[in-house]
Amino acid sequence: MSATTMLDSAAEFDVRDYLRAEMMPHFLCPGCGHGIALRALLWAVHELAIDKDRLAVVSGIGCAGRLSAYIDASTFHVTHGRPIAYATGLALARPDLHVIVITGDGDCLAIGGNHLIHACRRNLKLTCLMLNNEVYGMTGGQVSPTTSETRVTSTTPLGNSEPHFNACALAAAAGAGFVGREVTHHVPKLKELIKAGLAHPGFAFVEVMTDCTEIFGRKNEMGSSAEMVLRQKSELRPSAYRDTVDMPFAAKDLPTGILARNDRPEYGEAYRRAAVAIKSAADNPAAGRKSRQ
Amino acid sequence: MSAVLKPKSKLIVCDGNEAAAWAVAAARVEMVAVYPITPQSSLVEYLAKFVADGRLAAELVDAEGEHSVLSVLQGACLAGARTYTASCGPGVAFMFEPYVRTPGLRLPIVMGIVTRDLLTPQSVWGGQQDAMSVREAGWIQVYCESVQEVLDTTIMAYKIAEHRDVMLPVNVCHDGNYLSFGAARVELPDQAEVDAFLGEKDVNWHVALDPRRPMAVDPLTGGAVGSGPATFVRYRKGECSAMQNALSVITEVHEEWGRRFGRTHAPLVERYRMQDADYALVTIGSMTGAAKDAVDAARERGEKVGLLKVKTYRPFPVQAVAAALAQVKAAGVVDRSVSFGWNCGPLFQDVIGALYHAPRRVAAMSFIGGLAGADITTGHFDEAIRRVAELAQGAAAGGTVWLNEKD
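Only a predicted model underlies this, so the values are computations on that prediction, with no experimental measurement involved. (Residues numbered from 1 in each chain as written. Chains lettered and ligands numbered in written order. Predicted model: local features only at pLDDT ≥ 70, side-chain atom pairs only at ≥ 80, totals over all residues. Heavy atoms only, no water.)

A.B. asks: Help me understand the sheet that holds strand β10 (residues 254-261) of chain A in this model?
C.D. replies: Within a sheet, adjacent strands bond to each other through the backbone by hydrogen bonds, running parallel or antiparallel. Residues and elements named next belong to chain A. Strand order across the open sheet formed by 8 strands is β2-β1-β3-β4-β8-β7-β10-β9, with mixed pairing between neighbours. Single-partner strands in this sheet number two, and they are β2 (74-77) and β9 (236-238). Each adjacent strand pair in this sheet contributes to an overall mean axis angle of 20°, direction not counted. The pairing of strand β7 (residues 178-183) with β10 spans 4 bridges and is classified as antiparallel. Bridge pairing in β10 links Arg-181 to Gly-257. (Pairing = 2+ DSSP bridges. Helix = DSSP H or I, 4+ residues; strand = E, 2+ residues; numbered from the N terminus. Axes fitted to C-alpha atoms, helices over the stretch in contact; angles between N-to-C directions.)

Laid out in structure tokens, this is it:
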């Protein structure tokens, strides 16, 4: 995509068309990256021309979980860790809807980790946007399964001693049809990644690295929001650069971009096809017997 | 509550969540598993801080959810550790599976419930629906009125839970937002005194994961036509009689606490200005302070009203409640939760159940207030007293009154 078309599409997109004005002001802290991720998601929805009346957004508990309430679509704020499970029921019952899950690292990988791996295994068409800020922000900054080792949180005052998850590797290993990661520094790239996830005909897992400046950043002396975002940018390298560019990508060496993609059968479609086949065999037992002979 | 400071104790200012953490340190708990949830979060942060400071020599597990939290503690308790956690609201709901299993295993786990209203609508504010919803699960439940009572009761809970006539888990409930974040002057008891009070821990003499004495813990009981139901009944009856034993153990432990620390708390129920009372309020938890103020004001107006605070809710002190209310004409029971299907509060149900044992019929009515963080003010209690007075005079019918409906 050329720079000109990118600017043109940005001009057409007005985020206010997709937000509930009555829910403003939002509750996010100054400097939080979640708003950038929300904007990128809505921009992707806009560019794919997804009808808001056919858009269902399910979110769990936490700072990320609050975002669904801001979106002018059918939204459901569910219990902690469960948005993927709720969305599974919703997507199977209404295959005509675009179902998006917004979740955080605690919601998706700690208390709801079980649902993530089974959604990846089933490969039901859902788009799961996981905002990873390395911490439980809303309850005041406790350790999460993605908190880097040695980081200080309110429940790890001497530094975290547990290893953290690589969420994308987990999703890919569990069989997700589409897996990608991006930082909030690259907004158009993030939008494109979410678009690719939304267009994928299976379970799409998109991890967005966001910054929790007020709580996580402050406790770990990570500087301003801009400094945190730049650090994320320099610590995560685009997967396409892997063998050609060494610097400045070093510290975390987590790749960004589309990281896994497969064409495994989509579960909902396969389920409905099997249901039709079973019904037609039941309606026509003679044909079934004949074909087996 | 008397306020004579023991020589070696220390005065601190803290809120209920910090007081619970101080109690956990004083009880020399060895294994803590936590998952943060509003309004409990600062409690687990204090525990983490105390572990980091060396004040609490415990393993602290930042578990991946409340279901894991209580499962971790069951493993630790079976291995012989003194254990603690705290949760509330949806967190208690999520731990329901290991929660219902703990009493049957007879594990003396102590768990704070920083009471919070349950979904839905989504609310992170105080209310007692979480603890009330699990009142039939076999845990001992005690409700605190003040920050000092949170600290003292959490320590006493270990002595009650580990008593050989009891061996049941204990919930120490303190009201979210009110006691969790309300700071007060608190007396921190001397460590040697607490050690002497609690004695040696006694958590897994009956059931242990111990290579020196291998045992199959909780295998499937026999089939329905075999020994299964009889085994099951034996366990259930054992839990029920342990619950009844707990009534006297709770009383003894509170009496010993008073003797050792010079500070007494009513163990089962507290009678407040009940002598010569014609009618009474029945309260539970932190609302009791405002209710006592309202009772004092009514007494100054010459109204013969008293108050009964329920501290121990499970086992329910049936005889103590019946005896305390036997002489009044009417009682108004104030709940911070509801009982669906009865259209009243759950404490109200328990109180009218206990009044079956009273020598004569006592009229009663249910007040529901303080849901989702709403205040139950002295004004609300004035109104409740007025209505109960009418009930006592036969000038009004009972029923259920929603206190905050039109605030």
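A.B. asks: Whenever I open this one, the domain arrangement of chain A confuses me. Can you help?
C.D. replies: It is common to give the size of an interface as the accessible area lost on bringing the parts into contact. Examined at the domain level, chain A breaks down into domain 1 (3-262) and domain 2 (267-293). Computed from C-alpha atoms alone, the centre-to-centre distance between domain 1 of chain A and domain 2 of chain A is 40 Å. (Domains from an automatic or database assignment.)

A.B. asks: Mind showing me how you'd approach the sheet that holds strand β11 (residues 305-310) of chain B here?
C.D. replies: Residue and element names in this part refer to chain B. Judged by pairing direction, the sheet is mixed, and its 6 strands sit side by side in the order β9-β11-β10-β13-β14-β15 without closing on themselves. Only two strands of the sheet have a single partner each, and these edge strands are β9 (269-272) and β15 (399-402). Pairwise comparison of adjacent strand axes, ignoring direction, gives a mean angle of 20° for this sheet. Bridge count between strand β13 (residues 330-335) and strand β14 (residues 363-368): 6 bridges; the pairing is parallel. Bridge pairing links Val-333 to Ser-366 in β14. In this fold helix α11 (residues 288-300) packs onto β9, β10 (279-283) and β11, with an angle of close to 165° to the strand it touches most, β11. (Contact = heavy atoms within 4.5 Å.)

A.B. asks: Explain the domain arrangement of chain B to me, please; I cannot follow it from the model alone.
C.D. replies: Residue and element names in this part refer to chain B. Here chain B is partitioned into domain 1 (10-203 + 236-261) and domain 2 (269-402). A C-alpha centroid distance of 27 Å is found between domain 1 and domain 2. Taking both sides of the interface into account, the surface hidden between domain 1 and domain 2 amounts to around 2300 Å²; carbon and sulfur atoms contribute 49%. Note that Asp-175 and Arg-336 form a salt bridge whose closest N and O atoms lie 3.4 Å from each other. Where domain 1 meets domain 2, there are 25 residue pairs in polar contact (both at pLDDT 80 or more). (Buried area = accessible area lost by both parts, 1.4 Å probe. Salt bridge = Lys/Arg side-chain N within 4 Å of Asp/Glu carboxyl O. Polar contact = N/O pair within 3.5 Å; in protein donor to acceptor, adjacent residues only side chain to side chain.)

A.B. asks: Mind showing me how you'd approach empty space enclosed by the protein here?
C.D. replies: Rolled over the atoms, a probe as big as a water molecule pinpoints where empty space is left. Residues and elements named next belong to chain A. Applying the stated criterion to the full structure yields 3 cavities of 30 Å³ or more. Put simply, the second largest cavity is a space of about 70 Å³. Lining the second largest cavity are 13 residues, and of these Asn-132, His-164, Phe-165, Met-209 and Leu-254 sit closest to its centre. Each residue belonging to the lining of the second largest cavity can be placed in one class, and the counts come to 4 nonpolar, 5 polar and 4 charged. (1 Å grid on protein atoms, 1.4 Å probe; cavity = no way out; pocket = protein on both sides within 12 Å on 5 of 7 lines; lining within 4 Å. Points joined across faces, edges and corners; volume = space filled by probe spheres on them. Nonpolar A, V, L, I, M, F, W, Y, C, P; charged D, E, K, R; others polar.)

A.B. asks: Explain the packing of helix α3 (residues 66-78) of chain B against helix α5 (residues 96-105) of chain B to me, please; I cannot follow it from the model alone.
C.D. replies: If you want to describe how two helices pack, look at the angle between their axes and the distance between the axes. Residues and elements named next belong to chain B. Following both chains from N to C, one finds α3 and α5 inclined at 20°, their axes separated by 8 Å at the closest point. By the criterion of interaxial angle, the relationship of α3 to α5 is roughly parallel. Two packed elements cross with a definite hand, and for α3 against α5 that hand is left-handed. Residues His-67, Leu-70, Ser-71 and Gln-74 of α3 lie in contact with α5, whose contacting residues are Glu-97, Pro-98, Tyr-99, Arg-101, Thr-102 and Leu-105. Partitioning the contact of α3 with α5 into residue classes produces 4 nonpolar, 4 polar and 2 charged. (Parallel < 35°, antiparallel > 145°, perpendicular 65-115°, else oblique. Left-handed = near helix turned anticlockwise from the far one by under 90°.)

A.B. asks: How should I be thinking about the packing of helix α1 (residues 16-26) of chain B against helix α7 (residues 147-162) of chain B in this particular structure?
C.D. replies: Residue and element names in this part refer to chain B. At a minimum axis distance of 8 Å, the contact between α1 and α7 shows a crossing angle of 25°. Classed by the angle they form, the pair α1 and α7 counts as roughly parallel. When the axes of α1 and α7 are compared, the crossing they make is right-handed. Mapping the contact onto sequence places Gly-16, Ala-19, Ala-20, Trp-22, Ala-23, Val-24 and Ala-26 in α1 and Val-147, Val-150, Leu-151, Thr-154 and Ile-155 in α7. Tallied by class, residues from the contact of α1 with α7 come to 10 nonpolar, 2 polar and no charged.

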